[in-house]
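Listed below are the residues making up each chain.
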Amino acid sequence: MHPMLNIAVKAARRAGGIIARASENLDLLTVRTKTNNEFVSEVDHAAEEAIVETLLTAYPDHAILAEERGAQGQSEYVWIIDPLDGTTNFLHGFPQYSVSIACSHRGVLTHAVVFDPTRNELFTATRGSGAFLNDRRLRVSKRTKLAESLIGTGFPYDRRLRVSKRSKLAESLIGTGFPFRDFSFSEQYLKIFAELMTKTAGIRRPGSAALDLAYVAAGRTDGFFEAGLKSWDMAAGALLVLEAGGLISDFDGEEGYLESGNVVGGNPKVFAQLLQVVQSHAKK
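This text gives an overview of the structure that appears in the document.

About the thresholds
- Numbering of residues starts from 1 in every chain and runs along the sequence as written.
- Reporting of local features is limited, given that this is a predicted model, to residues whose pLDDT is at least 70; pairs of side-chain atoms are given and counted only at 80 or more, and all residues count toward the totals for whole chains, interfaces and linings.
- The basis for every side-chain value is the complete set of non-hydrogen atoms in the structure, without hydrogens or water.
- Under the DSSP-based scheme used, a helix requires at least four consecutive residues in state H or I and a strand at least two consecutive residues in state E, with every element numbered from the N terminus.
- Think of it in three bands: with a 1.4 Å probe and only protein chains considered, a residue is buried below 20% of the maximum accessible area for its type, exposed above 50%, and partly exposed in between.
- For the area figures, the Shrake-Rupley method with a 1.4 Å probe applies, and any residue is considered shielded solely by the protein chains shown.
- Only buried Ala, Val, Leu, Ile, Met, Phe, Trp, Tyr and Cys residues count toward a nonpolar core, and they belong to the same one when joined by side-chain atoms within 4.5 Å.
- Residue contacts are counted whenever heavy atoms from the two residues lie within 4.5 Å of one another.
- By definition, a salt bridge exists where a carboxyl oxygen of Asp or Glu is found within 4 Å of a side-chain nitrogen of Lys or Arg.
- Side-chain rings of Phe, Tyr and Trp, where Trp is taken by its six-membered ring, are said to pair if the distance between their centres is within 6.5 Å; with planes under 30 degrees apart they count as stacked, over 60 as edge-to-face, and otherwise as tilted.
- By definition, being over a ring means that NZ of Lys or CZ of Arg is both within 6 Å of the ring centre and within 35 degrees of the ring normal.

1. A word on the overall build of the chain
Then comes step 1: When its secondary structure is counted, the chain shows 9 helices and 15 strands.
Then comes step 2: Out of the 284 residues belonging to the chain, those deemed buried represent 55%.
Then comes step 3: For the chain, the computed accessible surface area is about 12,800 Å², with 49% contributed by carbon and sulfur atoms.

Structure representation (structure tokens):
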């Protein structure tokens, strides 16, 4: 294992320990609302502090980009950190959340760790060296048809979706549990979702984008798409997908997903079909 990846694993496991202990006493946690329907707890902060301390002890000159503290320092090396991806799940005792740590060198993702403390599953990748789950090499699935595929997705936190009252699509989804939200292509997203419901074997929304992408790398799902993410939500997961033989892009089919926050990933065959559906509805 590369020394930098080894340090990232150490940091992720420290954070995972904090999260696991806190999960036993959820009623005692202090929680505040960051934005509409987005929460942060003292555990997020404690886990992030543990990660940053571990990384900067080993690499004091490196820069940090973390969910809670933002950007810190300037360096060719930037650690991109989500200390608890899936906070809402965590606060409800729903066991689907993760620690996500990625390293970028001169703008290129080089190392990735996604750690699921509830299952003790450690997903790791180093550019050019493959992706692994614990000690097992990962490969994306071999499915070739979208109709046979299981697709992961997620919904942005802001639920204030502006949809025309005359929209038959909106009316058809009322009462289904679909969480209406407001972002630049809200109506288009509903159309993507509706089309994929009829063209795939199923859609899953587990609630942690980092794990969603790790599951694509592991072949547990065949593709994934989401809009409105932050770089720390998907940096580690993106490298996992690439190193497991998959493809990943923004909604334009380009490499700007970390900047745009819009991402599509999957095995090569399913990726192409999924991207086609997304592009047929999403605004450029």
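2. A look at the nonpolar core
Then comes step 1: Within the largest apolar cluster, 34 residues are counted, with the highest numbers of intra-cluster contacts made by L109, V114, F123, L138, L240, Y257 and V263.
Then comes step 2: Ignoring anything within four residues of it in the chain, the contact list for V263 reads F224, F225, E226, L229, M234, I248, S249, D250, F251 and Y257.
Then comes step 3: Counting residues in hydrophobic clusters, the runner-up holds 30 residues, among them A8, I51, Y97 and V99.

3. Some remarks on the pattern of salt bridges
Then comes step 1: Summed over all chains, the structure comprises 8 salt bridges.
Then comes step 2: Its salt-bridge partner being R106, residue E76 comes within 3.1 Å of it at the nearest N-O pair. You can see E76 sitting in the loop between β4 (70-72) and β5 (77-85) and its partner R106 sitting in the loop between β6 (98-105) and β7 (108-116), a full 30 residues away along the chain.
Then comes step 3: Taking relative accessible area as the criterion, E76 reaches 40% and is therefore assigned partly exposed.
Then comes step 4: A salt bridge links D222 to R143; the nearest nitrogen and oxygen atoms lie 3.0 Å apart. One end of the pair, D222, is in the loop between α6 (209-217) and β13 (223-226); the other, R143, is in the loop between β10 (136-137) and β11 (150-153), and 79 residues separate them in sequence.
Then comes step 5: On the basis of relative accessibility, which here comes to 2%, the residue D222 falls in the buried class.
Then comes step 6: Since its relative accessible area comes to 38%, R143 is described here as partly exposed.

4. Observations regarding the packing of aromatic side chains
Then comes step 1: All told, the structure shown has 4 aromatic pairs when counted by the stated rule.
Then comes step 2: For the pair Y189 and F225, a centre-to-centre distance of 5.4 Å together with 35° between the ring planes defines the contact as tilted. A residue pair is termed long-range when its members are at least 10 positions apart, and Y189 in helix α5 (residues 186-199) and F225 in strand β13 qualify at 36 residues. Here Y189 and F225 have matching classes, each one buried.
Then comes step 3: Geometry around Y215 places R220 over its ring, the cationic atom sitting 4.8 Å from the centre.

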